[in-house]
Amino acid sequence: MQKDRLKIGTKELTSRIVMPPIATYQSTEEGYVTPGMLDYYGERAANPNVSMIITEHSYIDLGGKAKAKQLSIEKEADMEGLSRLTDVIHRNGALAMAQLNHAGSAAPSEVTGIKPVSASSVILPVSPMMGDGKEPEELSEDQIAEIISRFASAADRAKRAGYDGVEIHSAHAYLLNQFYSPLTNLRQDRYGGSLENRLNIHREVIRAVRDTIGRDLILSIRLGGCDYTEGGSTIEDSVHAAEVFEESGADMIDLSGGMCRYTRKGHTEPGYFQDMSSAIKKAVSVPVMLTGGVKTLQDAYLLLEKGAADLIGVGRELLKNPRWEA
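Residues numbered from 1 in each chain as written. Predicted model: local features only at pLDDT ≥ 70, side-chain atom pairs only at ≥ 80, totals over all residues. Heavy atoms only, no water.

Draft legend 1. Local environment of the sheet that holds strand β12 (residues 311-313). The strand order around the closed barrel formed by eight strands is β3-β4-β5-β8-β9-β10-β11-β12, and the pairing between neighbours is parallel. The average undirected angle you get between the axes of adjacent strands in this sheet is 30°. Running at roughly 145° to strand β5 (residues 95-101), helix α2 (residues 79-91) makes contact with β4 (52-59) and β5 of the sheet. Where helix α9 (residues 274-283) meets the sheet, its contacts fall on β9 (218-226), β10 (252-257) and β11 (288-291), and the angle it forms with β11 comes to roughly 175°. (Pairing = 2+ DSSP bridges. Helix = DSSP H or I, 4+ residues; strand = E, 2+ residues; numbered from the N terminus. Axes fitted to C-alpha atoms, helices over the stretch in contact; angles between N-to-C directions. Contact = heavy atoms within 4.5 Å.)

Take a look at the structure:
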């Protein structure tokens, strides 16, 4: 039974249980850390079953802010609060990871004051609606380069704030996932068309972030690997994507849904993305994390025993109960 320690890059986890990123929207309107957030994360870091916490998705650019009171990592003024956040997580016994995100067309202009952007001028095929529900602006290659630079700058802030690593968000119908999915990427340049092209922005973000944080910090990518929708991304796509991410410098693959977001229609069983995670685990040598539907430690250990993943994310149960253990 894989209950033992696990090394990711240069860091060692004390267990195979991770708290995945779940947005609480407890920040100030400017995206700063609040005392309530410090208490929330501190309580969960003190749970002896939890080896690592990936903090909620943080916007790297105002134009990519998904919702009011989302946590920010876009500016130097965020640093004081983020440093306090990593300190409370470390003090209570867990590693801390920052999740970096740009919401793309899921960013509502009423929150950002900026017209949403995406891989293509395609309205997100998700329900309930995300963003403005209107066609976003298709990003130019120069704008893409700027967003890649923003990911790197945010990673630098995470490093200086004391995080043990960063996670690049390409799931749940946000910007990088919009490039990955054929449902939302209709481009005809080097960032669109074939799967290889749709992964180019991921390659470039991973390499820019790795160059920024060096080898001492963990670099994870959260992939919404399968849309579970006709015409969308497939499990086969996700396997190849994971291989590309490992080759580009990722230390860990964290799996979830794509345009279906974090649920899967007709499935509530523990590890309901395990068909995808099991296939990817066979294809890569870096640790694979599976989240979704896990309610007990027994659920987690059974998934580990059957080889569905190397790490298990426990989200909703820890959200409800910081002392979760069964």
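Draft legend 2. Up close: the pairing of strand β8 (residues 165-170). Within β8, six of the six residues are buried, leaving the element largely enclosed by the surrounding structure. Taking every second residue as pointing to the same face, both faces of β8 are buried, with G165, E167 and H169 on one and V166, I168 and S170 on the other. As judged from the four bridges shared by β5 and β8, these two strands associate in the parallel manner. Among the inter-strand pairings, A98 is bridged to a residue of β8, identified as V166. (Buried < 20%, exposed > 50% of the residue type's maximum accessible area, 1.4 Å probe, protein only.)

Draft legend 3. Structural detail: the pattern of salt bridges. Evaluation of the coordinates by the stated rule reveals 19 salt bridges. In this structure, E76 engages R160 in a salt bridge whose closest nitrogen and oxygen atoms are separated by 2.7 Å. Here the residue E76 occupies a position in the loop between β4 and α2, and R160 occupies one in helix α4 (residues 141-160), the gap between them amounting to 84 residues. Of the charged contacts, one joins D254 and R222 as a salt bridge, the two residues approaching to 3.2 Å between their closest N and O atoms. (Salt bridge = Lys/Arg side-chain N within 4 Å of Asp/Glu carboxyl O.)

Draft legend 4. Molecular detail of the packing of aromatic side chains. Under the counting rule described, the total for this entry stands at four aromatic pairs. The structure contains a cluster of three or more aromatic residues connected by ring pairs, namely Y228, Y272 and F273. Across the ring face of Y262, the terminal group of R316 is positioned such that the distance to the ring centre comes to 5.3 Å. (Phe/Tyr/Trp six-rings, centres within 6.5 Å; stacked < 30°, edge-to-face > 60°. Lys NZ or Arg CZ within 6 Å of the ring centre and 35° of its normal.)

Draft legend 5. Layout of the nonpolar core. Judged by nonpolar contacts, the single largest core of 85 residues is most densely connected at F245 and I312. Ranked by the residues each element gives to this core, the list is headed by α4, at eight residues. With near-sequence residues (within four places) excluded, F245 lies in contact with L199, H202, I206, I221, L223, A250 and I253. If you look at the next biggest cluster of nonpolar residues, it comprises twelve residues, including L6, I8, L13 and V18. (Core = buried A, V, L, I, M, F, W, Y, C linked by side-chain atoms within 4.5 Å.)

Draft legend 6. Highlighting helix α10 (residues 297-305). Those residues of α10 that sit buried are L297, D299, A300, Y301, L303 and L304. Of the surrounding secondary structure, the elements contacted by the buried residues of α10 are β3 (17-19), α9, β11 and β12. Where α10 ends, the next residue or the one after it, G307, has phi of about 80°, a positive value.

Draft legend 7. Expanded view of unusual backbone geometry. Of note, the bond from S127 into P128 is cis; its omega dihedral lies within 30 degrees of zero at 0°. Position of P128 relative to the elements: it lies in the loop between β6 (117-118) and β7 (137-138). Positive phi outside glycine occurs at K69, with the angle close to 65°. Its location among the elements puts K69 in the loop between β4 and α2. The phi dihedral of R261 is positive, around 65°, even though this residue is not glycine. In this structure, R261 sits in the loop between β10 and α9.

Draft legend 8. Region of the structure containing the side chain of S120. In this fold, S120 is placed in the loop between β6 and β7. Judged by its relative accessible area of 2%, S120 is buried. Once you skip the residues sitting within four places of it in the chain, S120 turns out to touch P136, E138, T184, N185, L186 and R187.

Draft legend 9. Local environment of the environment of L217. Examined against the element boundaries, L217 turns out to sit in the loop between α7 (200-213) and β9. With residues near it in sequence (within four places) discarded, L217 still touches K159, Y163, D164, G165, R210 and D251.

Draft legend 10. Structural context of the side chain of S220. Looking at the element boundaries, S220 is found in strand β9. Of the residues examined, S220 reaches a relative accessible area of 0% and is grouped as buried. Excluding residues that lie within four positions of it along the chain, S220 makes contacts with M97, V166, E167, I168, M252 and D254.

Draft legend 11. Broad picture of the pairing of β5. The buried fraction of β5 amounts to seven of the seven residues, a majority that puts the element mostly inside the structure. Bridge count between β4 and β5: six bridges; the pairing is parallel. For T55, the partnering residue across the bridge sits in β5 and is A98.

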